[in-house]
Amino acid sequence: VAKVGGHDRVIAYEHSHPASLSSLGRLSWFDPESGTVSELVAVTSSFQPPRADEIPHVDVTRDVNGDGRDDLVVPDERGFWVFIQTDGGTFADPVMLGPPTDMSGILGADGYRYAPWSVGRIYEVDIDLDGRRDLAFWNEDHFEAHLQDERGMFSDVTESYVTEVEFDSDDVLFLASEDMTGRVLHSLADLNVDGTADLVVLSLEGRRNSQKRSVFEVYFGEPSEDGGLVFAGKVGAAFRSKGRIQLGMDPHVLRGDGQVALMFTTLENRFLGGNLWKRIKGAMGDDVWLELEFHQTVGGVYRNEPNATYRIALDGVPSHREPGSVPLDIALRGRTHESRRTRESWLRAFNRTLLIGDVTGDGRSDLLIEAEFQDLHVHVGVAGPELFAAKPQKVKVTLFDEEYIWLVDLNGDGKQDILQHHPFTLTTPHGAAKQPPGTEPHRVTTLIAR
């Protein structure tokens, strides 16, 4: 669903028909009142969901130029076709941008919800510091940027920008290959809230699992002599977790002050790799735990220690079938990588429900963590440095994998509600389906915040 011309539209993609004179597919919207279908744009996408017998949810809309209107970002084998929405709900001619995208990072999802842009390695950043958001990507040894003009359009000719910061790849999956060490470009984002983007590198060192060490390095952005964006040659901030490796870093604005909080997902080194003792402990119900570490900035400066930490199980309810450990490559690739679907012990790894949003309507974000697949813990946001209340409110509700759950204000009262799609009803103790996909009727439930 996207907002086109000020109205919510259900958008669908269809490949070109053999009888059609055009080789292009198309994106169209369906009008439920008249029963008619209207074409939005003609475009061909190379994206192929792994399950051909289901209609997947593929997110192809995003406001990429910051004007408050949904644009179209359609994946293709060369990158992304970007269509900018203009006045009246029409779309400008597309611009092809970005490197060829490896979709393996999202094809391990359950088959319902995919976000190609999330693995596109395209950065939304004001790289020429003219106050407008540009679209940039890494090309071997430099950044290439499609600059935005005063009309909100992106140039189809790129400008090149170099950096002194060194890293091995712009693909985080690089760390899951060979000896699983190296330095990768993680993100470009304004973390110290000074109006310029910063460059983040994730580094992983150590030969053995017990020796693995990770660090997120932040190189602060600043204006160059010619007015563009450059990154400092020295590390401006570094985040480490003692005895743990960091698997991810996600920025959040938890309050109305615009300050950025960073959430790091970490895993103890002792949970990496498997052996007989770990399998025995797993058989006794010893679960694998992830830790969420929150660092809140104050005036652009981060504390050395996290403001708050929380735990979330790797795959849900403890049972006598726990693996007791997780391979490092599975941990680094994450919950939606296609390789996870071929390794039975970790089919539901990293898919526990974790939501951050304002469900109380007080202007502060709240933290919602799945304790068990029928038990949701709500840590309400607080004004102090601890960010969230230590004692949660407990809600009894049947939960499925995170890709089936949204936070959205359904009734317009300023509080975010929970919308959940149920692809099945019969479940195992871990919340997985008992029947093959598609054999049970689907349903939707809502939890309205009060």
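Procedures and definitions
Residues numbered from 1 in each chain as written. Predicted model: local features only at pLDDT ≥ 70, side-chain atom pairs only at ≥ 80, totals over all residues. Heavy atoms only, no water. Phe/Tyr/Trp six-rings, centres within 6.5 Å; stacked < 30°, edge-to-face > 60°. Helix = DSSP H or I, 4+ residues; strand = E, 2+ residues; numbered from the N terminus. Buried < 20%, exposed > 50% of the residue type's maximum accessible area, 1.4 Å probe, protein only. Lys NZ or Arg CZ within 6 Å of the ring centre and 35° of its normal. Pairing = 2+ DSSP bridges. Axes fitted to C-alpha atoms, helices over the stretch in contact; angles between N-to-C directions. Patch = residues over 30% accessible without salt bridge, like charges linked within 9 Å, V, L, I, M, F, W, Y side chains within 5 Å. Areas by Shrake-Rupley, 256 points an atom, 1.4 Å probe, with all protein chains shown as cover. Salt bridge = Lys/Arg side-chain N within 4 Å of Asp/Glu carboxyl O. Lys, Arg positive; Asp, Glu negative; His and termini not counted. Contact = heavy atoms within 4.5 Å.

Asks: Now, about the packing of aromatic side chains: what can you tell me, with residues and values included?
Replies: Each pair of aromatic rings is reported with the distance of its centres and the angle of its planes. Under the counting rule described, the total for this entry stands at 11 aromatic pairs. Taking 4.8 Å as the distance between ring centres and 55 degrees as the angle between the ring planes, the aromatic pair formed by Trp-138 and Phe-167 counts as tilted. Taken together, the residues span a long stretch of sequence, with Trp-138 in strand β12 (residues 134-139) and Phe-167 in the loop between β14 (159-161) and β15 (182-189) at a distance of 29 residues. As far as burial versus exposure is concerned, Trp-138 and Phe-167 are alike and both buried. Seen from their ring centres, Phe-294 and Phe-388 are 5.2 Å apart, and the 70 degrees between their planes marks the pair as edge-to-face. Taken as a pair, Phe-294 in strand β23 (residues 289-298) and Phe-388 in the loop between β28 (375-379) and β29 (393-395) lie far apart in primary sequence, 94 residues in all. A relative accessible area of 2% means that Phe-388 is categorised as buried. An aromatic cluster is built from Tyr-123, Trp-138, Phe-143 and Phe-167, whose rings are joined through pairwise contacts. Taking NZ or CZ as reference, Arg-9 lies 3.8 Å from the ring centre of Trp-29, over its face. Directly above the ring of Trp-289 sits Arg-311, whose terminal nitrogen or CZ lies 3.9 Å from the centroid.

Asks: So what's going on with the sheet that holds strand β20 (residues 237-239)? Residues and values would help.
Replies: As summarised here, the arrangement of the four strands in space is β15-β16-β17-β20, forming an open sheet in which the pairing is antiparallel. Each edge of the open sheet is held by one strand with a lone partner, namely β15 and β20. On average, adjacent strands in this sheet sit at an angle of 20 degrees to one another, irrespective of strand direction. Inspection of the sheet shows β15 paired to strand β16 (residues 198-205) by seven bridges, in the antiparallel sense. In the strand pairing of β16, Arg-183 is matched with Ser-203.

Asks: Can you tell me about a nonpolar patch on the surface, naming the residues and giving the values?
Replies: Where nonpolar side chains cluster on the molecular surface, the patch consists of Val-1, Val-10, Phe-30 and Val-37 and spans about 390 Å² of accessible area. The topology assignment puts Phe-30 in strand β3 (residues 26-31). Residue Phe-30 is classed as partly exposed on the basis of its relative accessible area, which comes to 39%.

Asks: Tell me about the pairing of strand β30 (residues 405-408), residues and numbers included.
Replies: Side chains Ile-405 and Leu-407 of β30 all project onto a buried face; the interleaved residues Trp-406 and Val-408 project onto a face where none is buried. Pairing between β30 and strand β31 (residues 417-422): four bridges, direction antiparallel. If you follow Val-408 over to β31, its bridge partner there is Asp-417.

Asks: Go over the side chain of Asp-417 with me, naming the residues and quoting the values.
Replies: Turning to its location among the elements, Asp-417 is positioned in strand β31. For the buried Asp-417, which has no salt bridge, the nearest side chain bearing the opposite charge is Lys-415, at an N-O separation of 8.1 Å. The contact partners of Asp-417, leaving out residues within four places of it in the chain, are Trp-406, Leu-407, Val-408, Asp-409, Leu-410, Asn-411, Leu-447, Ile-448 and Ala-449.

Asks: Go over the pattern of salt bridges, please, and point to the residues and values.
Replies: All chains considered together, the criterion is met by 18 salt bridges. Ionic pairing is found between Glu-14 and Arg-26, a salt bridge with its closest N-O pair at 2.4 Å. Remark: Arg-26 occurs in strand β3 and Glu-14 occurs in strand β2 (residues 7-14); sequence separation between them is 12 residues. For Arg-26, a relative accessible area of 27% corresponds to the partly exposed category. Arg-26 serves as the salt-bridge partner of Glu-39, at 3.9 Å between the closest nitrogen and oxygen. Within this pair, whereas Glu-39 is found in strand β4 (residues 36-42), its partner Arg-26 is found in strand β3, the two being separated by 13 residues in sequence. Accessibility expressed as a relative area gives 45% for Glu-39, which makes it partly exposed. Residues joined by salt bridges that share partners form a network here, namely Arg-244, Glu-268, Arg-270 and Glu-291.

Asks: So what's going on with the sheet that holds β31? Residues and values would help.
Replies: Sheet architecture is open: three strands sit in the order β30-β31-β32, paired in antiparallel fashion. In the strand order of this sheet, the two ends are held by β30 and β32 (443-447), each with one partner. Between one strand axis and the next, the sheet turns by 20 degrees as a mean value, whatever way the strands run.

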